[in-house]
Amino acid sequence: MPRFAANLSMMYNEVPFLDRFAAAAKDGFKGIEFLFPYAHTPDEVAGRLRAAGLENVLFNMPPGNFEAGERGVAALPGREAEFRAGVAKAIDYARALGCKRLHAMAGLAPPGADRSAMRRTYVQNLRYAAAEAGKHGITVLIEPINTRDIPGYFLNRQDEAHAVREEVGAANLKIQLDLYHCQIVEGDLAAKIRAYLAHVGHMQIAGVPERHEPSLGEVNYPYLFDLIDTLGYDGWIACEYRPKAGTSAGLGWFAPYR
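Keep in mind that what you see is a predicted model, and the values were worked out from it rather than measured.

Caption draft 1: Examining the sheet that holds strand 2 (residues 31-33) more closely. Spatially, 1-2-3-4-5-6-7-8 is the arrangement adopted by the eight strands of the closed barrel, whose pairing is parallel. Strand-to-strand twist across the sheet, computed as the mean angle between neighbouring axes with direction ignored, equals 30°. Where strand 3 (residues 55-60) meets strand 4 (residues 101-103), two bridges bridge the pair, whose relative direction is parallel. Bridge pairing in strand 4 places Asn 60 opposite His 103. Together, strand 5 (139-142) and strand 6 (173-178) form the strand contacts of helix 5 (residues 158-168), whose direction differs from that of strand 6 by roughly 170°.

Dropping the structure here:
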């Protein structure tokens, strides 16, 4: 049966961030993820995890100036020192939180950018991140993101992501397969799952196109959950969606899997 994790950056916004851990546990989740923990100390977040009996399954490395619109620096030439500092900070938090997966956001490609130079930077930075994370048993993830939600994001397609993964050549670099993003950019989700699942380290879901509950929209998620089970995936599936009318009220889809 799939293991579902609540995304605390998008779900349970009815309460402050540190109170969302208990709320997710009360609704039956065993795992959680979030975008960033850095506004709080590792001890603060770890305490809420322990009190709720939850596993932290994923968060992102520092993304640059998120408030100013930046969405990662891993593929940005000239930002290598900042990226390396972010790797160290993320690993410190991951060790404190017992988290075994870190997402390295690629960043936005400026208009007219030299994409070849960006790719070289991306590959070099990911090799560094994977080597550092590997010392602590941590997997580094990269995620293709649709350009409707994040216009200009450097990495958009599954085949592109897996080509980067192969070029980096690190066993602990895997793909974060977000079925919401994949459906918008490419579709053909069942075929993508079958083709790439062996190299997927984490999955995420949301209804398409509004990014609400997975029970809403054009994707037949129960079919995909059965397929994922059949193929033997034993990782987490994170619920990275915006509840349409209250987080707990919208969890009817989760009842069979709770």
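Caption draft 2: Examining the environment of Pro 37 more closely. Of note, Pro 37 is situated in the loop between strand 2 and helix 2 (42-52). Each C-alpha atom of the pair Pro 37 and Gly 217 lies 30 Å from the other, and the pair is 180 residues apart in sequence. Once you skip the residues sitting within four places of it in the chain, Pro 37 turns out to touch Val 45, Phe 59, Tyr 93 and Leu 97.

Caption draft 3: Geometry of the pattern of salt bridges. Inspection of every chain in the model, using the stated rule, returns eleven salt bridges. Among the ionic pairs, Glu 82 bridges to Arg 79, the shortest N-O distance being 2.6 Å. Overall, Arg 79 belongs to the partly exposed group, its relative accessible area being 22%. Salt-bridge contacts for Lys 135 lead to Glu 132; the nearest nitrogen and oxygen are separated by 2.9 Å. A relative accessible area of 59% places Lys 135 in the exposed class.

Caption draft 4: Representation of the packing of aromatic side chains. According to the stated counting rule, one finds 18 aromatic pairs in the structure shown. An aromatic cluster is present here, built from Phe 4, Phe 29, Tyr 221, Phe 225, Tyr 241, Trp 253, Phe 254 and Tyr 257 joined pairwise through their rings. For the cation-ring pair, Arg 3 lies above Trp 236, with the distance from its terminal atom to the ring centre recorded as 4.3 Å. Note that Arg 71 overlies the ring of Phe 66, its terminal NZ or CZ placed 3.7 Å from the centroid.

Caption draft 5: Representation of the pairing of strand 1 (residues 3-7). Across the five residues that make up strand 1, a large majority, four, are buried. By the bridge criterion, four bridges tie strand 1 to strand 8 (residues 236-239) in an arrangement that is parallel. If you follow Ala 6 over to strand 8, its bridge partner there is Cys 239. Handedness of the β-α-β unit built from strand 1, helix 1 (residues 20-26) and strand 2 comes out right-handed.

Definitions and cut-offs
Residues numbered from 1 in each chain as written. Predicted model: local features only at pLDDT ≥ 70, side-chain atom pairs only at ≥ 80, totals over all residues. Heavy atoms only, no water. Pairing = 2+ DSSP bridges. Helix = DSSP H or I, 4+ residues; strand = E, 2+ residues; numbered from the N terminus. Axes fitted to C-alpha atoms, helices over the stretch in contact; angles between N-to-C directions. Contact = heavy atoms within 4.5 Å. Salt bridge = Lys/Arg side-chain N within 4 Å of Asp/Glu carboxyl O. Buried < 20%, exposed > 50% of the residue type's maximum accessible area, 1.4 Å probe, protein only. Phe/Tyr/Trp six-rings, centres within 6.5 Å; stacked < 30°, edge-to-face > 60°. Lys NZ or Arg CZ within 6 Å of the ring centre and 35° of its normal. Right-handed = clockwise from strand over helix to strand, strands pointing away.

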